[in-house]
Amino acid sequence: MKNEIKITNDQWKIYEKKYGNLMWKISHMISGDEAISSSEDNYADLQITAIESMRGFYKKTGASVDEMLKSKNFDKYTKTCLWHLKGSKGAKITRRYPV
């Protein structure tokens, strides 16, 4: 098993087609204040998390990206990773809000 996986542009398009709406929804839910965290910045962070979820799933299973995109286990894994980012980033933003 190699240490890294390669994600093609076509594979990324498939990922975004499956999970893009979810990522936008999460990016809008992270913060209501655009000055603190814009939706676009949040979406970019979610894209990084998505790629990290592919790497993490690959390390656990050795599955190729094509196999991942068809796997119910990967579906659960990547959604968990995306929602976890929402929770952790949202908690950091909440601490910065003035009381």
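Everything in this summary refers to the structure shown in the same document. (Residues numbered from 1 in each chain as written. Predicted model: local features only at pLDDT ≥ 70, side-chain atom pairs only at ≥ 80, totals over all residues. Heavy atoms only, no water.)

**Points about the packing of aromatic side chains**
Next up, step 1: Per the stated rule, a full pass over the model turns up six aromatic pairs.
Next up, step 2: Considering the side-chain rings of Phe57 and Phe74, the 5.3 Å spacing of their centres and the 70° angle between planes classify their relative orientation as edge-to-face. Remark: Phe74 occurs in helix H4 (residues 72–96) and Phe57 occurs in helix H2 (residues 39–61); sequence separation between them is 17 residues.
Next up, step 3: On the basis of relative accessible area, Phe74 is assigned to the buried category, the value being 0%.
Next up, step 4: One aromatic cluster in this structure is built from Trp12, Tyr15, Tyr19, Phe57, Phe74 and Tyr77. (Phe/Tyr/Trp six-rings, centres within 6.5 Å; stacked < 30°, edge-to-face > 60°. Helix = DSSP H or I, 4+ residues; strand = E, 2+ residues; numbered from the N terminus. Buried < 20%, exposed > 50% of the residue type's maximum accessible area, 1.4 Å probe, protein only.)

**Structural notes on the pattern of salt bridges**
Next up, step 1: Taken as a whole, this structure holds one salt bridge when the rule is applied.
Next up, step 2: Between Lys79 and Asp75 there is a salt bridge, with the nearest N and O atoms lying 3.3 Å from each other. Linking Lys79 with Asp75, this pair stays in helix H4, spanning four residues, or about one helical turn.
Next up, step 3: Under the relative-accessibility criterion, Lys79 is labelled partly exposed at 34%. (Salt bridge = Lys/Arg side-chain N within 4 Å of Asp/Glu carboxyl O.)

**Some details on helix H1 (residues 9–30)**
Next up, step 1: With 22 residues, H1 should cover 32 Å at 1.5 Å per step; its first-to-last C-alpha distance of 27 Å lies more than 12% under that length.
Next up, step 2: Along H1, the sharpest kink reaches roughly 60°, centred on Tyr19.
Next up, step 3: Those residues of H1 that sit buried are Gln11, Trp12, Tyr15, Tyr19, Gly20, Leu22, Met23, Ile26, Ser27 and Ile30. (Expected span 1.5 Å × (residues − 1). Bend = angle between axes of the 7 residues up to and from the residue.)

**Section: the nonpolar core**
Next up, step 1: Core analysis: the biggest nonpolar cluster contains 21 residues, and Tyr15, Met23, Met54, Met68, Phe74 and Leu82 have the highest contact counts within it.
Next up, step 2: Put simply, the parts of the chain that give this core at least two residues each are H1, H2, helix H3 (65–70) and H4.
Next up, step 3: The greatest single-element share of this core, amounting to seven residues, is contributed by H1.
Next up, step 4: Excluding residues that lie within four positions of it along the chain, Tyr15 makes contacts with Gly20, Met23, Ala50, Ser53, Met54, Leu69, Phe74, Thr78 and Leu82. (Core = buried A, V, L, I, M, F, W, Y, C linked by side-chain atoms within 4.5 Å. Contact = heavy atoms within 4.5 Å.)

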